[in-house]
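Fold and geometry: a report
What follows is each chain in one-letter form.
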Amino acid sequence: MYRVPAMNDIHDNFAEATRIAAGDDGTNYDNVAIALHWATALLVVVQFAMAKLWDSFDKPTRQGMESIHVSLGVLLMVVVLVRIAWRLIPGHQRPAIVSGRVKLASKGVHYLLYALLVAQAGIGFAWRWAQGHEVSFFGLFAITGPYGRLDRPTRHIFHDLHENVAWAIVVIAGLHAAAALYHHYALRDRVLARMLPLARG
Ligand code: HEM
Ligand code: HEM
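A brief structural summary. In this convention, every chain numbers its residues from 1, walking through the sequence in written order. Here the convention is simple: chains get letters from A, ligands get numbers from 1, in the order in which they are written. Local features are withheld for residues below a pLDDT of 70 in this predicted model, meaning they are given only at 70 or higher, and side-chain atom pairs are given and counted only at 80 or more; totals for whole chains, interfaces and linings count all residues.

1. Looking at the overall build of the protein
Put simply, DSSP H or I for four residues or longer makes a helix, DSSP E for two residues or longer makes a strand, and each gets a number counted from the N terminus. Scanning the protein for helices and strands turns up five helices and two strands. Each helix (α) and strand (β) of the protein, taken in turn from the N terminus, gives the series α-α-α-α-β-β-α. Along the first, second and third principal axes, the C-alpha atoms of the protein reach 55 × 50 × 30 Å. To sort residues by exposure, count the other C-beta atoms lying within 10 Å of each residue's C-beta; 20 or more gives buried, 12 or fewer gives exposed, and values between give partly exposed, all with C-beta atoms placed from the backbone. By residue count, 11% of the 201 residues in the protein fall in the buried class. Summarising the internal contacts of the protein: among those between residues at least 6 apart in sequence, 66% fall at separations of at least 24. Placing C-beta atoms from the backbone, we regard two residues as in contact once those atoms come within 7 Å.

Structure follows, in structure tokens:
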């Protein structure tokens, strides 16, 4: 009889403690969420730019850039998974400022971006393994694939998937950023401010 409320108390205390520790004042996103959001945005831009630029370099430089792309890809995957886990902890959700259809659209875009980012990491891993490589993280550790080098048509499928998902992420994130700027400069609400590290109050 008494165990259930006691467990709930521990649960609530944990949610409360992690919120306070993360600088959550109830109006803005907490510091952990903000750091993870901007790390995600930066990594996506770097990943896309690097992949689009490496063809203009000689082979050794290109291969070095590919290794960095894969290592940063592992980092991006961890950042996204930590963000998803963090926002699942009770008390860490931020109620939408907007309502109705705009709320539905913005939530839809956020979930879509998470889904595409997780898918992109999965495809990236699958493709790297299909090339006969391990997924190495800056030479510190490597994740061996469940299969070795695969045939050219299969590698081509991974290429097409990775390329299309990359464009989808960049275009959708671009629209998402444009919407945030519209809120800030045209509608003058707090949608962007509460995702900025120094815009408290
Ligand atoms: C590749 C770049 C980006 C990605 C992948 C991305 C992804 C996301 C995701 C998944 C969320 C949902 C956060 C959550 O509640 O869990 C979010 C929120 C947000 N993002 Fe981005 N974002 C990117 C770039 C940007 C940029 C450049 C801006 C600003 C110009 C921006 C502004 C915001 C704002 C204001 C929110 C909070 C929206 C709300 O409170 O409903 N994002 N972003
Ligand atoms: C949002 C994140 C990412 C974006 C935007 C992105 C984008 C790209 C793009 C545009 C290419 C070039 C495709 C082409 O050759 O036409 C590429 C290649 C590649 N990416 Fe990613 N990528 C991301 C994440 C990842 C992750 C997480 C991994 C995981 C290991 C990864 C592994 C690879 C591999 C192995 C290649 C092929 C390199 C080669 O040409 O041999 N990527 N990526």
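From this point, the narrative continues.
2. Quick look at the site of ligand 1
The immediate surroundings of ligand 1 are formed by 19 residues, with Ala41, Val44, Ala173, Ala177 and Ala180 found nearest. It is helix α5 (residues 152–187) that provides the largest number of residues to the shell around ligand 1, a total of five residues. Basically, the charged four are Asp, Glu, Lys and Arg, the nonpolar ten are Ala, Val, Leu, Ile, Met, Phe, Trp, Tyr, Cys and Pro, and anything else, Gly included, counts as polar. Its residues assigned to classes, the shell around ligand 1 shows 12 nonpolar, five polar and two charged. Defining nearness, a residue is near a molecule or strand when the C-beta atom obtained from its backbone falls within 6 Å of it.

3. What about the site of ligand 2?
Close to ligand 2 lie 24 residues, the nearest being Gln47, Ala51, Gly73, Gly124 and Ala166. Listing elements by their share of the shell around ligand 2, those giving two or more residues are α2 (31–53), α3 (59–88), α4 (100–130) and α5. With seven residues, the top contributor of residues to the shell around ligand 2 is α4. Taken together, the residues of the shell around ligand 2 break down into 13 nonpolar, eight polar and three charged.

4. A few points about the packing of α4 against α5
Two elements in contact, α4 and α5, have axes separated by 9 Å at closest approach and are oriented at 155°. Overall, the two elements α4 and α5 adopt an arrangement that is roughly antiparallel. α5 is crossed by α4, and the crossing has left-handed handedness. When the residues that make up the contact of α4 with α5 are grouped by side-chain class, the tally is 18 nonpolar, six polar and one charged. Note on geometry: axes are C-alpha line fits, over the in-contact stretch for helices, and angles between N-to-C directions span 0 to 180 degrees. Reported orientations rely on four angle classes, namely roughly parallel under 35 degrees, roughly antiparallel over 145, roughly perpendicular from 65 to 115, and oblique for the rest. Crossings are classed by handedness, with left-handed meaning an anticlockwise turn of the near helix from the far one by less than a right angle and right-handed meaning a clockwise turn.

5. Observations regarding the packing of α3 against α4
Two numbers describe how α3 lies on α4: the axes approach to 10 Å, and their chain directions differ by 145°. As for how α3 packs across α4, the hand of that crossing is left-handed. Between α3, through Val70, Gly73, Leu76, Met77, Val80 and Ile84, and α4, the contact on the second element is made entirely by Tyr114, Leu117, Val118, Ala121, Gly124 and Arg128. Split into classes, the residues belonging to the contact of α3 with α4 amount to nine nonpolar, two polar and one charged.

6. Description of the nonpolar core
What we call a nonpolar core is a set of buried Ala, Val, Leu, Ile, Met, Phe, Trp, Tyr and Cys residues whose membership is set by joining through C-beta atoms within 7 Å. Among the nonpolar cores identified, the biggest contains eight residues, and these are Val70, Val74, Ile123, Ala126, Trp127, Trp129, Ala130 and Val135. Of all the secondary structure elements, the ones that give two or more residues to this core are α3 and α4. Looking at which element gives the most residues to this core, the answer is α4, with five residues. With sequence-adjacent residues up to four places away left out, alanine 130 is seen in contact with Arg149, Leu150, Thr154, Arg155 and Phe158.

7. Regarding α2
Its 23 residues give α2 an end-to-end C-alpha distance of 33 Å, which sits within 8% of 33 Å, the value for a rise of 1.5 Å per residue. Three or more residues of α2 are buried, namely Val32, Ala33, Val44 and Gln47. On its buried side, α2 packs onto α3 and α5. What a helix is expected to span follows from its residue count: subtract one and scale by 1.5 Å.

8. Some remarks on the environment of glycine 23
Mapped onto the secondary structure, glycine 23 falls in the loop between α1 (3–21) and α2. Accessibility expressed as a C-beta count within 10 Å gives 15 for glycine 23, which makes it partly exposed. Along the primary structure glycine 23 and methionine 50 are separated by 27 residues, whereas in three dimensions their C-alpha atoms are 34 Å apart. Excluding residues that lie within four positions of it along the chain, glycine 23 makes contacts with Asp30 and Asn31.

9. Considerations on α4
Taking 1.5 Å per residue as the helical rise, α4 with its 31 residues ought to reach 45 Å, and the 45 Å between its terminal C-alpha atoms agrees with that figure. Burial in α4 covers these residues: Leu117, Gln120, Ile123, Gly124, Ala126, Trp127, Arg128, Trp129 and Ala130. Contact partners of the buried residues in α4: α3, β1 (135–137) and α5. Taken from the residues just after α4, glycine 132 is the one with a positive phi, measuring 85°.

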